[in-house]
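Architecture at a glance
Chain by chain, the residues run as shown.
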Amino acid sequence: MNNFLVITDAHLIQQNGKKVAYAPYVREMDLWMRHVDQTTFICPDRMGSKLLAQPFLNQDFKQIGLRRLEFHTLFSAVISFLSIPYQFIVLCFAFAKADHIHLRCPGNLALLASMAQILFPSKRKTVKYAGNFDPCASQPIAYRLQKRILSNTFLTKNIKVLVYGNWPNQTKNIQPFFTASYHRNQIEPVANRNWNGPCKAVFVGTMRANKRPLEVFELIKELRANGLAISLDYYGDGPLKKDIENKVKQAGLEDHVRLHGNVDNTSLIQAYKRAHFSFLLSKSEGWPKAVAEAMFWGCIPVASKVSCVPWMLGIETSNFQLPTSNADKETYPLGLGKGFDDTQRGILINDILQAGTVVKEYLKQPDQLEHMSKAAAAWSQQYTLDDFEREIALLLKETDPIKATKK
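What you are looking at is a predicted structure, and each value in this text was computed from that prediction instead of being measured.

The next thing to look at is the overall build of the chain. A count of helices and strands for the chain gives twelve helices and 16 strands. Scored against the burial criterion, the 407 residues of the chain give a buried share of 54%. Excluding contacts between residues fewer than 6 apart, the proportion of contacts in the chain whose partners are at least 24 apart in sequence is 75%. When the accessible surface of the chain is split by element, carbon and sulfur atoms take 52% of a total near 18,800 Å².

This is how it looks when you write it as structure tokens:
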């Protein structure tokens, strides 16, 4: 393939003489670029805030910088509306030259690109929809509109829209997909944990309101107040970090709640191996890597009911069936016992106000938690970077890579 065109709202900037972008995004795009001859990115190329950046392995690609379309203030909205015609023309010229068009959704630029691609029905296209594709989710109108355009088989042709979750009543354009963080050679036996306490918990992610890190602290505080020996380690940074530090000091929990900031992947893996639970009570997600990564090492996720999380945790599996690669199709009948579904791999929180009560009930069944830990690892270890890259290569070769399903 000669010209692979990527349209994304993710910033791609110059830093220390290198082209860099958000680290998880870079790691994935490095895999896509390994299977094409030439790549062009159309994306914002300037930003004022700090970026958790990583350089691309392949620096030999083109970039067309466009202003980020923002509508948070009257001034930004006016500037964005005035720039839309120019950006639409830039997209159309780039689409005409491309062999394969790849959209990264959702986002405002992605919405404009989803409209422009209608004019190019014969072009090969893929879309990575990284957000929540639940048709019942409450979302901004821009997100809902691009989902409708991309799903519509009359407007959008010759496309595969890769989404997290197998949602009902979808068109042939929509293809369930997955993502991964680790290689197959990293798989190792899951260590037995002492579920009788004391227990270790982790929070991994950006410390923003959407991820609810303050609520996680309040949950740990509640559990300790009820006599449970549990500690919490935060990994990540963000605007709420200082607030959490203050609350930890006010509660006198410095010995039990620690904030580590951003750490390297090796340190994070060791944290997962030591922890019993990983808390992610997000308001919105696509494929939450913090859940899948914790499960890979036998750390039980405690997660809110959002996006495809219920399927990931083996709950409500009739509504959530994600296909995977053509790798190992083995199932893992563990017989988890009374109170557990045979496929349950984590703890689902429907009501955040009841999270403490839910966790306490599970802690009364340590043997079952040990089974759940192993079931979590067995499931997550089916989704490796080796399989992920193979599926990408098949997508770029115009084959249908997604046929087999796993429970």
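Pairing between the strands of a sheet is mediated by backbone hydrogen bonds and can be parallel or antiparallel. As summarised here, the arrangement of the seven strands in space is S6-S4-S1-S7-S8-S9-S10, forming an open sheet in which the pairing is parallel. Two strands in the sheet have a free side with no partner beyond their single neighbour: strand S6 (62-65) and strand S10 (174-176). Pairwise comparison of adjacent strand axes, ignoring direction, gives a mean angle of 20° for this sheet. Pairing between strand S4 (residues 39-43) and S6: four bridges, direction parallel. Bridge pairing in S6 places Thr40 opposite Lys62. Packing against the sheet, helix H1 (residues 23-33) makes contact with strand S1 (4-7), S4, strand S7 (100-105), strand S8 (124-129) and strand S9 (159-163), and its axis sits at approximately 165° to S7. Of the strands in this sheet, S1, S4, S6 and S7 touch helix H2 (residues 74-97), which is tilted by about 155° from S1.

Within the largest apolar cluster, 56 residues are counted, with the highest numbers of intra-cluster contacts made by Phe41, Phe56, Tyr272 and Trp287. Those residues within four positions of Phe41 in sequence are excluded, and the remaining contacts are Val6, Leu12, Tyr25, Met29, Met33, Phe56, Phe61, Lys62, Gln63 and Ile64. Residues Met207, Val216, Leu223 and Val257 belong to the second largest nonpolar core, which totals 31 residues.

A few words on the packing of helix H5 (residues 213-225) against helix H6 (residues 241-251). For the pair H5 and H6, the least separation of the axes is 10 Å and the interaxial angle reads 15°. Taken as axis vectors, H5 and H6 run roughly parallel relative to one another. The handedness of the crossing between H5 and H6 comes out as right-handed. Here Pro213, Leu214, Phe217, Glu218 and Lys221 of H5 come into contact with H6, specifically with Asp243, Ile244, Lys247, Val248 and Ala251.

We now examine the sheet that holds strand S16 (residues 347-349). Pairing is parallel in the open sheet, where six strands are placed in the order S13-S12-S11-S14-S15-S16. Looking at strand neighbours, the two that pair on one side only are strand S13 (257-259) and S16, the edges of this open sheet. Here the average twist between neighbouring strands, direction ignored, is 20°. Where helix H7 (residues 265-274) meets the sheet, its contacts fall on strand S11 (199-204), strand S12 (230-235) and strand S14 (277-280), and the angle it forms with S11 comes to roughly 140°. Helix H8 (residues 289-296) contacts S11, S14 and strand S15 (300-304) of the sheet and is inclined by roughly 175° relative to S14.

Along the chain, Lys241 falls in helix H6. Despite its burial, Lys241 pairs with no opposite charge, the nearest such side chain being Asp237 at 4.4 Å.

Time to look at the environment of Trp297. Inspection of the secondary structure puts Trp297 in the loop between H8 and S15. On the basis of relative accessibility, which here comes to 6%, the residue Trp297 falls in the buried class. As a C-alpha pair, Trp297 and Ala376 span 79 residues in sequence and 8.2 Å in three-dimensional space. Looking at Trp297, its side chain comes within polar contact range of the side chain of Tyr182, at 3.3 Å.

A word on the packing of H2 against helix H3 (residues 108-116). One can describe the packing of H2 onto H3 by two numbers: an axis separation of 10 Å at closest approach and a directional angle of 55°. With respect to H3, the element H2 is oriented oblique. As for how H2 packs across H3, the hand of that crossing is right-handed. Contacts between H2 and H3 pair Ile84, Gln87, Phe88, Leu91, Cys92 and Phe95 from the former with Leu109, Leu112, Ala113, Met115 and Ala116 from the latter.

Moving on, we get to H8. Burial analysis of H8 places seven of its eight residues in the buried class, the great majority of the element. For H8, the complete set of buried residues consists of Ala290, Val291, Ala292, Glu293, Ala294, Met295 and Phe296. Looking at the buried positions of H8, the neighbouring elements they touch are S11, H7, S14, S15, helix H9 (309-312) and helix H11 (366-380). Immediately downstream of H8, the backbone of Gly298 shows phi near 80°, a positive value.

Another point: unusual backbone geometry. Omega for the bond connecting Cys105 with Pro106 falls within 30 degrees of zero, at 0°, which places this linkage in the cis form. Tracing the chain through its elements places Pro106 in the loop between S7 and H3. Cis geometry marks the peptide bond from Gly197 to Pro198, where omega comes out at 0°. Positive phi values are uncommon outside glycine, yet Asn158 reaches one of about 60°. Unusually for a residue other than glycine, Asn169 sits at a positive phi of about 60°.

Rules used throughout
Residues numbered from 1 in each chain as written. Predicted model: local features only at pLDDT ≥ 70, side-chain atom pairs only at ≥ 80, totals over all residues. Heavy atoms only, no water. Helix = DSSP H or I, 4+ residues; strand = E, 2+ residues; numbered from the N terminus. Buried < 20%, exposed > 50% of the residue type's maximum accessible area, 1.4 Å probe, protein only. Contact = heavy atoms within 4.5 Å. Areas by Shrake-Rupley, 256 points an atom, 1.4 Å probe, with all protein chains shown as cover. Pairing = 2+ DSSP bridges. Axes fitted to C-alpha atoms, helices over the stretch in contact; angles between N-to-C directions. Core = buried A, V, L, I, M, F, W, Y, C linked by side-chain atoms within 4.5 Å. Parallel < 35°, antiparallel > 145°, perpendicular 65-115°, else oblique. Left-handed = near helix turned anticlockwise from the far one by under 90°. Lys, Arg positive; Asp, Glu negative; His and termini not counted. Salt bridge = Lys/Arg side-chain N within 4 Å of Asp/Glu carboxyl O. Polar contact = N/O pair within 3.5 Å; in protein donor to acceptor, adjacent residues only side chain to side chain.

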